[in-house]
Amino acid sequence: MKHPLLRYLLVWIINLAIGLPTLYAQYTIKHFTTKDGLSQGSVYYFLEDSRGYMWMTSQNGLNRLEGSRFRTYAHADNDPGSIGKGEVRGLVEAPNGDLWVGTEVCLSRYVRRTNRFQNYYLVDGRGKRQFSQNRSFFVDDSTVWFLNSLRGVLCFNFRRNKLYTLLPNVPYDFTPISREVVMDKLNGQLWLRLPKGLLRYDLRTKQQYYYLTSRTDDRIGKERVLYALCEGPGGSVWISTNKGVGYLKAQEYREYNIGINTEDDVVYTLTPGPDSLIWIGTSRSGILVMDPKTGQIKQQFRRSPLQANSLADNHISELFVDRKGWIWVNLDPKGVDLLYPISLKPMFTEDSPLDSTDFNGYSVRGIAQDKEGYLWAGTVIDGVRRINLATGQMKRYSTKEGLTSYWVGSIMCSSSGQVFIGTNGGLASWNPSRQRFTTQKIPNRADPVKANVIRNIYELTPSVYLLATSAGMYTIHHGQRLRYLYDSTSTYSGALYHDRENGLLFVGRRDRDLQCFSVRGTSIRHLYNTLPGYSPTSFHKQGEWLWIGTDNGLVKYHIQKRQVIRRFTRQDGLPDNSVFSLLPDADGDLWISTNHGLAIFDRKERFTVLPEMADIEFMSYAAYQTDADHLFFGTTTSLYQVHPSRIKHMKPPIVRLVQLSVNDQPANELPKTIDESDTLRLAYNQNNISIQVAALDYLSSIPPHYQYRLLGQSNQWINSEANPQIRYTNLSPGWYGLQVKALASNGLWTPAKTLSIYVDQPFWQRWWFQLLIAIGVLGLGYWLVKVYLHRKQQVQRRLTSQLMAAQESERHRIAQDLHDDVGNTLAAAKGILGRVVSQKKSPDVMKAQSLIEKAGQDLRTISHNLMPVEFETYALSYVVRQAVEKAGEASGIQFDFLSVGQEEHISPERSLVIYRIINELLNNILKHSGAQTASIQMLYQPESFVLTVEDDGHGFNKQNNSQKGRGIGLKNINSRANYLSARLEISSNESGTSIILEVPYD
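Residues numbered from 1 in each chain as written. Predicted model: local features only at pLDDT ≥ 70, side-chain atom pairs only at ≥ 80, totals over all residues. Heavy atoms only, no water.

Some points on the sheet that holds strand E8 (residues 107-111)
Here is the rule we go by: Only strands that DSSP links by at least two bridges are regarded as paired with each other. Here a strand is any run of E in DSSP of at least two residues, a helix any run of H or I of at least four, and the numbering for each starts at the N terminus. Note on geometry: axes are C-alpha line fits, over the in-contact stretch for helices, and angles between N-to-C directions span 0 to 180 degrees.
As summarised here, the arrangement of the four strands in space is E6-E7-E8-E9, forming an open sheet in which the pairing is antiparallel. The sheet is open, and its two borders are formed by strand E6 (89-93) and strand E9 (116-120), each paired with just one other strand. Each adjacent strand pair in this sheet contributes to an overall mean axis angle of 20°, direction not counted. In this sheet, E8 lies alongside strand E7 (residues 99-102) in antiparallel orientation, the contact comprising four bridges. What sits directly across from Val101, in E8, is Ser108.

Focus on the packing of aromatic side chains
To be explicit about the condition: Pairs were defined over the aromatic rings of Phe, Tyr and Trp, the Trp ring being its six-membered one, requiring ring centres within 6.5 Å. Orientation was assigned from the angle between planes: stacked under 30 degrees, edge-to-face over 60, tilted for the rest. Only protein chains enter the accessibility calculation, which uses a 1.4 Å probe. A residue is then buried if its area is under 20% of the maximum for its type, exposed if over 50%, and partly exposed in between.
On inspection of all chains with the given rule, the structure shows 45 aromatic pairs. Here Trp326 and Tyr340 contribute two aromatic rings whose centre-to-centre distance is 6.0 Å and whose plane-to-plane angle is 50°, an arrangement assigned as tilted. Of this pair, Trp326 sits in the loop between strand E28 (318-321) and strand E29 (327-330) while Tyr340 sits in strand E30 (residues 336-341), placing them 14 residues apart in sequence. Note on Trp326: relative accessible area 9%, which makes it buried.

Observations regarding the environment of Lys185
Stated precisely, the cut-off is as follows: Residue contacts follow a heavy-atom distance rule, with two residues in contact if any of their heavy atoms lie within 4.5 Å.
With respect to the helices and strands, the residue Lys185 is situated in the loop between strand E16 (181-184) and strand E17 (189-193). For the pair Lys185 and Leu203, spaced 18 residues apart in the sequence, the C-alpha separation amounts to 8.3 Å. For Lys185, the residues in contact, after removing those within four places along its chain, are Phe138, Asp140, Trp145 and Leu203.

Digging into helix H6 (residues 876-889)
Stated formally: Expected span, for any helix, means 1.5 Å times one less than how many residues it has. Working definition: the arc comes from the directions between the helix axis and the C-beta atoms, pointing outward to the latter.
Between its terminal C-alpha atoms H6 stretches 20 Å, which fits the 20 Å expected from 14 residues at 1.5 Å a residue. The complete set of buried residues in H6 reads Leu876, Ser877, Val879, Val880, Ala883, Val884 and Ala887. For H6, the buried positions fall inside an angular range of 160° around the axis, keeping them on one side. Where H6 is buried, its residues meet strand E68 (894-900), helix H7 (908-929), strand E69 (933-940) and strand E70 (944-951).

Considering the pairing of strand E13 (residues 143-148)
Within a regular beta strand, the side chains point alternately toward one face of the sheet and then the other, so they alternate between its two faces. E13 sits mainly inside the fold: six of its six residues count as buried. With burial as the criterion, each face of E13 is covered, one bearing Thr143, Trp145 and Leu147 and the other bearing Val144, Phe146 and Asn148. Examined bridge by bridge, strand E12 (residues 134-139) and E13 share five bridges and lie antiparallel to one another. Residue pairing for E13: Arg135 is matched across the bridge by Leu147. The antiparallel hairpin formed by E12 and E13 contains three residues in its connecting segment. Inspection of the sheet shows E13 paired to strand E14 (residues 152-157) by six bridges, in the antiparallel sense. Residue pairing in the sheet places Trp145 in a bridge with Cys155 of E14. Connecting the antiparallel pair E13 and E14 is a turn made up of three residues.

Focus: the nonpolar core
For the record, the criterion: For this analysis, a nonpolar core means a set of buried residues of the types Ala, Val, Leu, Ile, Met, Phe, Trp, Tyr and Cys, connected via side-chain atoms within 4.5 Å.
Ranked by size, the top nonpolar core spans 61 residues in total, and within it Trp55, Met56, Trp328, Leu660, Leu738, Val740 and Ile757 carry the most contacts. Once residues within four sequence positions are removed from consideration, Trp55 is found in contact with Tyr45, Phe46, Leu47, Asp49, Leu62, Asn63, Arg64, Tyr73, Leu91, Leu99 and Tyr110. With 37 residues, the next largest nonpolar core counts Ala883, Phe897, Tyr915 and Leu921 among its residues.

Rendered as structure tokens:
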């Protein structure tokens, strides 16, 4: 039978006949193909790495699923950092996060830190590469185990770069569509599939054991063709053979007949799955789920061309169970299917055009659950469905079963178990014993048609029901007697709420208002109308508030005050202003269906819109709650089931920073990957960055929605509808905080992924450089000031030198003039007086002669003092000693002179200046000190000449002298000391005066 549709129909009929479960009620199936970026549809190896990425091999490279799209790593001849050439076989993760894969030519290592590959080739004895097929199957922190087509089972210690042969010459074929090896490191054994049979290698004893082969030392004694194997509990393995599925542990072997024709249907893969069941992938029968205790098939997943929630193909080459218990399936060559629990997303009821009991795209209105647990759902034009929630099977009821109309407006299951259906042809009640409906008409002579359009049925008491119709309200007693209640001219919308606590009944009128009635037992009395112009559709009471869904938003109404407190619309986050139903969950949040999507309204009065439901058009009066965690909503095409707790508390997807580029170049040399880094430090000229991000949300059926911001630049979130390439340019130096979050399929934002970014300042903006500049400026300023002062001092010294030279020159001239002119005149006068005295001795003349003689002596003294001393001839100490002795002889003061140290050479010019200072000090002692004793000490130190002059006179006040200009003598001493660059210290009090002059050598 070649026609695929006819073949499907035959399989479907057979399955119904034998009762084989082909149910999808527990799982939702999502398809991934090359349209999603998958490099090729044949995937033989899966891996969920430590960061949550799903990796898949193919015949055209390695694929990584980044949320809704794949990233492909393919071989490139001109790129030595690309993966090895050919089909990728084997996929294992090392403890450090690196991946090891086998290719057709080499062993490839994916280095997570650099996002690049390192390739390892076998070489022969001459060092020439040997291109061979490889399949990695286990890795630890130092060694990777792999199969090689030339040398058997090998171990490569990548830390030591050493290759070891574990099992040479193993008869192994590289059939890609099989699980061929199991490394049980815990129990120290390696299981290897052979073309016929199985080999177990003991890693501790190096012993080999054979099973299901034709060898004489076989431990089972049965020969089988093996296709796949997987690890079981306690050192066991599960295997698939040409006879079915087997369980092997030591010498215990059990075989199970799984009900497939092993002649043309092969078990290509098997793996332990959720609930300890064994998931089996076949070549023609899809997926079988087996109970390992009984060997019975509990469930089957197949290809159904007429159902979206089915496998893409029945040819299963590989199965993989991730850490969440989700099933990943390769349907060679049609890509990958993901099976995940149905409760994680709002799920619609599957339709099949071949099954008339399905909804078949009809609008659903009116939902209720009976006492037996069946869910009843009405349609607008195709009758009623009764749904078995445990199996998902439906049964259709229409006019053949007694309904007077295919149109259903409401359904109510009474406390006694009676099922009522409101139609546009009266009120129908279900008779379970007869499996038929009976219909009761509403008598209304004014408008019998509208009166029989039943829009809502409510159980007021166990014996009295309230009917809201298009022509007024009615009560029905004991299921028989009808009584008109109120307003036959109004069309009631079907919105009805009974507040039993306050004895109030709220009923909505279409396009008019909300009516409030008082209820006492079966007595109903109208109180007031409110919300004029609104069409109420649904109610939920929360304390003193009544939440009302209307055609103009969600209304918060105060029951006692009869007042609208607030109205919520689209501007407040509501998906649409037409609100159809309000159902509370266990947390007290409201699930709100609208004309354009489903939203959660929490206790803080905030809306969360479910992204995947944004385009769904829901129906009014089509919502039901079986319990706090099972909500049902009718739409224009089907029935949706929602599990609030699982959706709201679903673990959010991980947001990953996938790739960093700096200045438009990939940054692959970071110490860690950009996703594992807490801080990114960049140089000042690396201030243009782009980061690609991905949310690992494998369930979402809509494009990802992201928000990101860069703290330090802006606090505003930026929206992005696709996998964003976050880009920032010309970042100024400083600290930044990048935050990225994604909108999950449950409508909640993921926790923000944060990365600290620091852009270094250029060296000219750093503190140490600025400190150096400041020090340099200060140093330069200091140097300039010093140069200025030095030059000024040099100028001053030059001027002083010139002044002193002029003084000495003038002294020499005056002394010469005194000696030559005045001295000669006095000598002549003395001679004249001498002759006069010899002729006549007069007392006056003799006195005059004596005075002239004294004047001549004084003149010679003054002339001598004025004449410069020839220090080229005489030493300074000698000249000073002579001056001190003369001062002592000329006065009554006792002078002491002391010269210590080896006399250093001081230039004549400087010696003359020192001599003038000493003369000035001697004159001060003689004229002003009133001293009895005085001492002059000359000390020749290695670096300087020190002069100390002390006396025991009455001293002087330096402050007063300073205020008076310190006198000509002190000024002369200071100016000469400055000229010598000498240090001058003057200490004076009533006990005496001490002056120290320290003169550096030339």
